[in-house]
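# Close look at the chain arrangement
Okay, here's what each chain looks like letter by letter:
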Amino acid sequence: MSARYSNSPSLRLVIGESRIHRVLHCLLCLLVACSLYRLSLRGYPLLALMLLPPVVLSCWRLARQRHAGTCINWQRGEWTLERRSSSRGISLSRASTCLPWVIYLAWMEAASARRGSVFLLPDCAPREQLRGLRVRLTLDR
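This structure is a prediction, so every number in the text was calculated from the model and none was measured.

## A few points about the environment of Gly 16
Topologically, Gly 16 is positioned in the loop between β1 (11–14) and α1 (19–41). Separated by 55 residues in the primary sequence, Gly 16 and Cys 71 have C-alpha atoms spaced 9.3 Å apart. Once residues within four sequence positions are removed from consideration, Gly 16 is found in contact with Gln 65, Ala 68 and Cys 124.

In structure tokens form, the structure reads like this:
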């Protein structure tokens, strides 16, 4: 173990379901439905009807919280992503950002070079774990 990581505590953050995500998703669906309704009132009912299937599909896909249950680990300078008893090494992207109300994590898997990302809202993990992640991301920059 290098001296750089000898005193750094490990990080284990389990992503949970977010109520804020659900509220924002409901607001988005409501706005989209109102937009389609207004579009049909403006004289474009066929266009609104044609847009309905992709809008429903998009809203349905956005409703899923794909990374709920996923665990993000940092230990001795190595990031890993655990999901359903499989662990993959990842490297965080420079695009990862910490703001007071949201953390955006972008990564690339080491083995397959697949990219992934997640928005971590304040209610999807315990406050101490989110704070530890913010500290770790700040130190890694």
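Moving on from the coordinates now.
## Some words on the packing of α1 against helix α2 (residues 45–63)
Axis separation between α1 and α2 bottoms out at 9 Å; the angle between their running directions is 175°. For the element pair α1 / α2, the angle class is roughly antiparallel. Side by side, α1 and α2 meet where His 21, His 25, Leu 28, Cys 29, Val 32, Leu 36, Leu 39 and Ser 40 of the first sit next to Pro 45, Leu 47, Ala 48, Leu 51, Leu 52, Val 55, Cys 59, Leu 62 and Ala 63 of the second. By residue class, the composition of the contact of α1 with α2 is 14 nonpolar, three polar and no charged.

## Considering α2
Helix length check: α2, at 19 residues, gives a terminal C-alpha distance of 26 Å against a target of 27 Å (1.5 Å per residue), a fit within 8%. Maximal helix bending in α2 amounts to about 35°, located at Leu 52; proline Pro 53 follows within four positions.

## Looking at α1
Counted at 1.5 Å a residue, the expected span for α1 with its 23 residues is 33 Å, and the 33 Å between its end C-alpha atoms agrees. Put simply, Ser 18 is the residue that caps the front of α1, since its side-chain oxygen is 3.4 Å from the backbone nitrogen of Ile 20. Following α1 by one or two positions, Gly 43 adopts a phi angle in the positive range, close to 105°.

## Comments concerning the pairing of strand β7 (residues 115–120)
Burial of the side chains of β7 is restricted to one face: Gly 116, Val 118 and Leu 120 are buried, whereas none of Arg 115, Ser 117 and Phe 119 on the reverse face is. Relative to β7, strand β6 (residues 103–109) runs antiparallel, the two sharing six bridges. Of the residues in β7, the one forming a bridge with Tyr 104 is Phe 119. Linking β6 to β7, which pair antiparallel, is a turn of five residues; within it Ala 113 sits at a positive phi near 60°.

## Describing the nonpolar core
In this structure, Leu 13, Ile 72, Trp 79, Ile 103, Leu 105, Leu 120 and Leu 133 are the most contacted members of the largest nonpolar core, which totals 18 residues. Every element with two or more residues in this core is listed here: β1, β2 (71–75), β3 (78–83), β6, β7 and α3 (127–140).

## Concerning the pattern of salt bridges
Scanning all chains against the criterion turns up four salt bridges. Among the ionic pairs, Arg 22 bridges to Glu 17, the shortest N-O distance being 3.0 Å. Residue Arg 22 is classed as partly exposed on the basis of its relative accessible area of 48%. For Glu 17, a relative accessible area of 45% puts it in the partly exposed group. What you see here is one network of salt bridges that share partners, running through Arg 88, Glu 109 and Arg 114.

## Let's talk about the pairing of strand β4 (residues 86–92)
As defined by bridge partners, β3 adjoins β4 across five bridges and the pair is classed as antiparallel. For Glu 82, the partnering residue across the bridge sits in β4 and is Ser 87. As consecutive antiparallel partners, β3 and β4 are separated by two residues, and within that stretch Arg 84 has a phi angle of approximately 50°, a positive value.

Conventions and cut-offs
- By convention here, each chain's residues receive numbers from 1 onward along its written sequence.
- Only residues with pLDDT of at least 70 are given local features in this predicted model, and only at 80 or more are side-chain atom pairs given and counted; all residues enter the totals for whole chains, interfaces and linings.
- Heavy atoms throughout the structure, all of them, feed into the side-chain values; hydrogens and water do not.
- Helix and strand assignments come from DSSP, with helices taken as H or I runs of at least 4 residues and strands as E runs of at least 2, each series counted from the N terminus.
- Contact definition: two residues touch when any of their heavy atoms are within 4.5 Å.
- Axis geometry follows a simple rule: fit a line to the C-alpha atoms, using only the stretch in contact for helices, then measure angles between N-to-C directions, giving values from 0 to 180 degrees.
- Small angles under 35 degrees read as roughly parallel and large ones over 145 as roughly antiparallel, with 65 to 115 read as roughly perpendicular and the rest as oblique.
- Charged means Asp, Glu, Lys or Arg here, nonpolar means Ala, Val, Leu, Ile, Met, Phe, Trp, Tyr, Cys or Pro, and polar covers whatever is left, Gly included.
- To estimate how far a helix should extend, the number of its residues minus one is multiplied by 1.5 Å.
- The term bend refers to the angle at a residue between two fitted axes, each drawn through seven residues, those ending there and those starting there.
- Side-chain atoms alone can form a polar contact between residues adjacent in sequence; in general such a contact is a pair of N or O atoms within 3.5 Å, and within protein one must be able to donate a hydrogen while the other accepts it.
- A 1.4 Å probe rolled over the protein chains alone gives each residue an accessible area, and that area as a share of the maximum for its type sets the label: buried under 20%, exposed over 50%, partly exposed in between.
- Note: two strands are recorded as paired if DSSP finds a minimum of 2 bridges between them.
- Remark: nonpolar core denotes a set of buried residues (Ala, Val, Leu, Ile, Met, Phe, Trp, Tyr, Cys) joined through side-chain atoms within 4.5 Å.
- Should a side-chain nitrogen of Lys or Arg be within 4 Å of a carboxyl oxygen of Asp or Glu, the pair is scored as a salt bridge.

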